[in-house]
Amino acid sequence: MSVNLEKIREIFADYSPEKGNFMVLMHEVQKACGNWLPEEALKEVAKLAKMPLNKVYGFVSFYTMFSTTPRGKHIIRFCKDGPCAVKGSLVIAELLMKELDVEIGGTTEDGKFTLEETACIGTCTAAPAIMIDEEIYGNVTPESLITILKKYR
Ligand code: FES
């Protein structure tokens, strides 16, 4: 996938790259690049934000929401933290791996899904929880997981 530098410039025109906006801005850039941040995009960001490239890399490598390797169209994250683990998140993770035929951190062969683990996503009262793109699903069971996945297939 080639990087649409014009789109990145448009994003910078919409969001000023001051500290408070940088997170939102990087999410928009990642979305525009197909769920990951190629080096060419990061170089453009560094140029537009007048930041050293290593600082941009430092920022994106700090947050698990950003990736510098290609990912699928949909990002599925299962919560691995305490309350979710107690309520069966590992069973959900194993089912996800089986259903998608992919390991944690991997992307399906058709490029549709990337499976990742995450720390708490703030839905502990509805553990176990997963997140698909921006959508959070709580009280996930093996049965409901299959129904949820169907929406994205
Ligand atoms: S521990 Fe899983 S959502 Fe909080």
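Above this text you will find the structure in question.
Engineer: Help me understand the overall build of the chain, please; the structure alone is not making it clear to me.
Structural biologist: Looking only at helices and strands, one finds 7 helices and 4 strands in the chain. Going residue by residue from the N terminus, the α and β elements of the chain occur as α-α-α-α-β-α-α-β-β-β-α. Over its C-alpha atoms, taken along the principal directions, the chain stretches across nearly 50 × 30 × 25 Å. With 153 residues in all, the chain has 42% of them scored as buried. In the chain, 59% of the contacts between residues at least 6 apart in sequence involve partners at least 24 apart. Total accessible area on the chain stands at roughly 8,700 Å², and carbon and sulfur atoms take up 54% of it. A gap of 3 Å separates the mean positions of the 18 positive and 21 negative side-chain charges of the chain.

Engineer: Honestly, a negative patch on the surface in this entry has me stumped. Any pointers?
Structural biologist: The grouping of Asp101, Glu103, Glu109 and Asp110 at the surface amounts to a negative patch. Mapped onto the elements, glutamate 103 comes out in the loop between α6 (89-100) and β2 (113-118). Note on glutamate 103: relative accessible area 59%, which makes it exposed.

Engineer: What am I meant to see in the nonpolar core here?
Structural biologist: One broad trend across soluble globular proteins is that nonpolar side chains are buried collectively. Formed by 19 residues in total, the largest nonpolar core has its most connected members in Ile8, Met26, Val29, Leu37, Val45 and Val60. Listed by contribution, the elements that provide at least two residues to this core are α1 (5-14), α2 (19-32), α3 (39-49) and α4 (53-62). Ranked by the residues each element gives to this core, the list is headed by α3, at 5 residues. In this structure, Ile92, Val102, Ile130 and Ile132 belong to the second largest nonpolar core, which totals 18 residues.

Engineer: Help me understand the pattern of salt bridges, please; the structure alone is not making it clear to me.
Structural biologist: Pairs can form between side chains of opposite charge once their charged atoms are near each other. Enumeration according to the criterion identifies 9 salt bridges in this entry. Notably, a salt bridge pairs glutamate 44 with lysine 47, separated by 3.5 Å at the nearest N-O pair. Note that glutamate 44 and lysine 47 are positioned in helix α3 at a spacing of 3 residues, about one turn of the helix. Look at glutamate 44 and you get buried, because its relative accessible area is 5%. By relative accessible area, which is 56% here, lysine 47 ends up exposed. If you follow the salt bridges from partner to partner, you end up with Glu6, Arg9, Glu44 and Lys47 in one network.

Engineer: Even after reading the chapter, I still don't get the packing of aromatic side chains, so can you show me in this structure?
Structural biologist: Throughout the structure, instances matching the rule amount to 5 aromatic pairs. On the numbers, 5.2 Å between centres and 55° between planes, the contact of phenylalanine 59 with tyrosine 63 is tilted. Owing to a relative accessible area of 31%, tyrosine 63 belongs among the partly exposed residues under this scheme. Note on phenylalanine 62 and tyrosine 63: the rings are 5.0 Å apart at their centroids and 85° apart in plane angle, and the pair reads as edge-to-face.

The rules behind each value
Residues numbered from 1 in each chain as written. Predicted model: local features only at pLDDT ≥ 70, side-chain atom pairs only at ≥ 80, totals over all residues. Heavy atoms only, no water. Helix = DSSP H or I, 4+ residues; strand = E, 2+ residues; numbered from the N terminus. Buried < 20%, exposed > 50% of the residue type's maximum accessible area, 1.4 Å probe, protein only. Contact = heavy atoms within 4.5 Å. Areas by Shrake-Rupley, 256 points an atom, 1.4 Å probe, with all protein chains shown as cover. Lys, Arg positive; Asp, Glu negative; His and termini not counted. Charge placed at Lys NZ, Arg CZ, Asp CG, Glu CD. Patch = residues over 30% accessible without salt bridge, like charges linked within 9 Å, V, L, I, M, F, W, Y side chains within 5 Å. Salt bridge = Lys/Arg side-chain N within 4 Å of Asp/Glu carboxyl O. Core = buried A, V, L, I, M, F, W, Y, C linked by side-chain atoms within 4.5 Å. Phe/Tyr/Trp six-rings, centres within 6.5 Å; stacked < 30°, edge-to-face > 60°.

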